Amino acid sequence: MYFNSGGGDVTRDLSAWALFEKVTWEHILLLLLVLAAAKILASAVRMLLRRVAEAAPPHRRLSILRTIPVVRLLIGTAAVVAVIPILVEPTFRNVAAVVATVAIAIAFTLKDYASSVLAGLMAVLEKLYQPGDWIEIGGIYGEVKAIHLRTVCVVTADDNEITIPHLRIWSTPVSNATSGERTILCVTNFYIHPDHDASAVRERLASLVEVSPYWKVGTAVTVIVQELPWATQYRLKAYATESRDQFLFTSDLSIRGKESLRALNVRFAVTPYVADHR
């Protein structure tokens, strides 16, 4: 609403569309060019930083990867700031009207999308997960390859690329096995017949870790023993030097463990067979 100098009020439609009355096709073309340039720049920066991370020393790799989502966020913010003056005159009144209109549109038509974007922003700022981390969300376990505006891209051990919306963090627990570190705790399970020398088996399993090429030297090695109705379970817990080698590490320990335990003349347990009466 505008007021004339004489004190009488003259109403005028100040809807959001009125702000864009002077937008021409040249403005729209310039807008598309800015957005395309931001997209290309973000992709180029991502590829460059990934190459730098792979070529860098191992202890620097995750630090470099963690900068990717932050840089992409800065590029996106800069693009939005550059676009606003193209569409409307950058006065406080106009900018406030545009922001209010966009907020209402998001609230009513893009609620889930906005929730994912907000969750992604929180994930980046709080470092809930970062590129290179091994996480589990909703039963999906894998390495974080990329953090996009709306989703996080996870690659599983079977090399499946899975896209998970950020909004899952509002209702689903997020398990992060590395939290920005290179190392990862690996657990290898052994099931032995209950009739055996438990102390000897425990000592033998612990000694296997020290000869594995994947073990991070100097880290703790733990063997947890638990009696089950049909077996004695041994959980061999040790840290791998590189998170990417976790499955190679557990495989190596499994092979060495079976060979070593056979030398002790212990019997491996067999899961009881249960008949299917359906």
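Residues numbered from 1 in each chain as written. Predicted model: local features only at pLDDT ≥ 70, side-chain atom pairs only at ≥ 80, totals over all residues. Heavy atoms only, no water.

A.B. asks: Sorry if this is basic, but what is going on with the pattern of salt bridges here?
C.D. replies: For side chains bearing opposite charge, pairing can occur when the charged atoms are close. Evaluation of the coordinates by the stated rule reveals five salt bridges. The salt bridge partner of Arg244 is Glu54, with a shortest N-O separation of 2.9 Å. Of this pair, Arg244 sits in the loop between strand 10 (231-240) and helix 7 (246-263) while Glu54 sits in helix 1 (residues 25-55), and the two are 190 residues apart along the sequence. In this structure Glu54 comes out as partly exposed when scored by relative accessible area, which is 43%. (Salt bridge = Lys/Arg side-chain N within 4 Å of Asp/Glu carboxyl O. Helix = DSSP H or I, 4+ residues; strand = E, 2+ residues; numbered from the N terminus. Buried < 20%, exposed > 50% of the residue type's maximum accessible area, 1.4 Å probe, protein only.)

A.B. asks: Just checking my understanding: could you explain the nonpolar core for this structure?
C.D. replies: Buried together is how nonpolar side chains tend to be arranged in soluble globular proteins. Grouped together as the largest cluster of nonpolar side chains are 19 residues, with contacts concentrated most on Phe190, Leu205, Val209, Tyr234, Phe249 and Leu261. Of all elements in the fold, only strand 8 (184-192), helix 6 (198-209), strand 10 and helix 7 reach the threshold of two or more residues within this core. Not counting the four nearest positions on each side in its chain, Val209 is found in contact with Trp215, Val221, Leu236, Ala238, Phe249 and Leu253. (Core = buried A, V, L, I, M, F, W, Y, C linked by side-chain atoms within 4.5 Å. Contact = heavy atoms within 4.5 Å.)

A.B. asks: Got a minute to help me understand the sheet that holds strand 3 (residues 134-137) in this structure?
C.D. replies: Strands in a sheet are paired, the pairing made by backbone hydrogen bonds, and the direction either parallel or antiparallel. An order of 6-5-4-3-7 is seen for the five strands of this open sheet, with the pairing classed as antiparallel. Strand pairing shows two members of the sheet lacking a second neighbour, strand 6 (161-165) and strand 7 (174-176), which therefore form its edges. Each neighbouring strand pair of the sheet contributes to a mean axis angle of 40°, computed without reference to strand direction. Both strand 3 and strand 4 (residues 140-147) contribute to a ladder of four bridges, which runs antiparallel. Opposite Ile135, over in strand 4, you have Gly142 as the bridge partner. (Pairing = 2+ DSSP bridges. Axes fitted to C-alpha atoms, helices over the stretch in contact; angles between N-to-C directions.)

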